[in-house]
Amino acid sequence: MAFTDQVHLDGDTATYQVNPAVKKYTLSDLNFKKTKLGNYELTQSLNPMNAKANVQLKLSISADLKQLKLAILTASGLKNVDIFKGDQFAEEREQYQFLMQNLIIRQVLTKN
């Protein structure tokens, strides 16, 4: 998956992009880890209490803070999960919305 200017998950009504006002220290405060290539990566579980349905959010921001990648993956990180289908992932959807709203408030992302 390549970095893009805007990301949109299947089933989600929102499109996200990197906020032009984002600061590197804000990413560090929010537990983004710097990769060997200089990109910033956040991996966050969407339901740590339920190991069977454990899915995670993976958000990467390029080193120049202009592009991003976004995915919802299985706990192993190998397979994409569609949390917007059916009621099986209702709690994960709620946690996803909360995390994304927090990133918007902290001026990491903007929502279109």
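Above: the structure in question.
A quick note: this is a predicted structure, and the numbers were derived from the prediction, not measured. All residue numbers refer to positions counted from 1 along the written sequence of the respective chain. The predicted origin of the model limits local features to residues at a pLDDT of at least 70 and limits the giving and counting of side-chain atom pairs to 80 or more, whereas totals for whole chains, interfaces and linings rest on all residues. Side-chain descriptors were evaluated using all non-hydrogen atoms of the structure, hydrogens and water having been removed beforehand.

Draft legend 1. Structural view of the side chain of T26. Helical segments are the DSSP runs of H or I of at least four residues, strand segments are the runs of E of at least two, and each set is numbered from the N terminus. In this fold, T26 is placed in helix 1 (residues 24-29). Relative accessible area decides the class of each residue, using a 1.4 Å probe on protein chains only: under 20% of the type maximum gives buried, over 50% gives exposed, and in between gives partly exposed. What makes T26 buried here is its relative accessible area of 9%. Setting aside residues no more than four positions away along its own chain, T26 makes contact with R106 and V108. Whether two residues touch is decided by their heavy atoms; if any such pair falls within 4.5 Å, the residues are in contact.

Draft legend 2. Just the nonpolar core, in detail. Membership of the largest hydrophobic core comes to 30 residues, with the highest contact counts inside it found for F32, I61, L70, I72, I83, Y96 and V108. Of all the secondary structure elements, the ones that give two or more residues to this core are strand 2 (16-18), strand 4 (40-45), strand 5 (55-61), strand 6 (68-74) and helix 2 (90-105). Once residues within four sequence positions are removed from consideration, I83 is found in contact with L46, V55, I72, F89, E92, R93 and Y96. Working definition of a nonpolar core: buried Ala, Val, Leu, Ile, Met, Phe, Trp, Tyr and Cys residues. They are joined through side-chain atoms within 4.5 Å.

Draft legend 3. Expanded view of the sheet that holds strand 6. Pairing between strands is defined by DSSP: at least two bridges between the two strands are required. Taken in spatial order, the four strands line up as 3-4-5-6 in an open sheet, and their pairing is antiparallel. At either end of the open sheet lies a strand with only one pairing partner, and these are strand 3 (33-34) and strand 6. Both strand 3 and strand 4 contribute to a ladder of two bridges, which runs antiparallel. By the bridge assignment, K34 is partnered in strand 4 with Y40. A fitted line through C-alpha atoms serves as each axis, taken over the contacting stretch for helices, and the angle formed by two N-to-C directions is quoted from 0 to 180°. Contacting strand 4, strand 5 and strand 6, helix 2 crosses the sheet at an angle of about 25 degrees to strand 5.

Draft legend 4. A look at the packing of aromatic side chains. A pair of aromatic rings is counted whenever rings of Phe, Tyr or Trp (Trp by its six-membered ring) have centres within 6.5 Å, and the orientation is called stacked for planes under 30 degrees apart, edge-to-face for over 60 and tilted otherwise. A full pass over the atoms with the stated rule returns one aromatic pair. Here F84 and Y96 contribute two aromatic rings whose centre-to-centre distance is 5.6 Å and whose plane-to-plane angle is 85 degrees, an arrangement assigned as edge-to-face. Of this pair, F84 sits in the loop between strand 6 and helix 2 while Y96 sits in helix 2, placing them twelve residues apart in sequence. Owing to a relative accessible area of 0%, Y96 belongs among the buried residues under this scheme. Its end group placed over the ring of F3, K69 keeps NZ or CZ at 4.7 Å from the ring centre. The rule is short: NZ of Lys or CZ of Arg within 6 Å of the ring centre and within 35 degrees of the ring normal puts a charge over the ring.

Draft legend 5. Representation of helix 2 within the structure. The terminal C-alpha atoms of helix 2 lie 23 Å apart, and with 16 residues this matches the ideal 22 Å at 1.5 Å per residue to within 8%. For helix 2, the complete set of buried residues consists of E92, R93, Y96, L99, M100 and L103. Taken down its axis, helix 2 places every buried residue within 130 degrees of arc, on the same side. Exposed residues lying more than 90 degrees from the buried face of helix 2 are E91, E94, F98 and I105. For helix 2, the elements touching its buried residues are strand 2, strand 4, strand 5, strand 6 and strand 7 (109-111). Immediately downstream of helix 2, the backbone of Q107 shows phi near 60 degrees, a positive value. Multiplying one less than the number of residues by 1.5 Å gives the expected span of a helix. Of all possible arcs, the one meant is that of the directions from the helix axis to the C-beta atoms.

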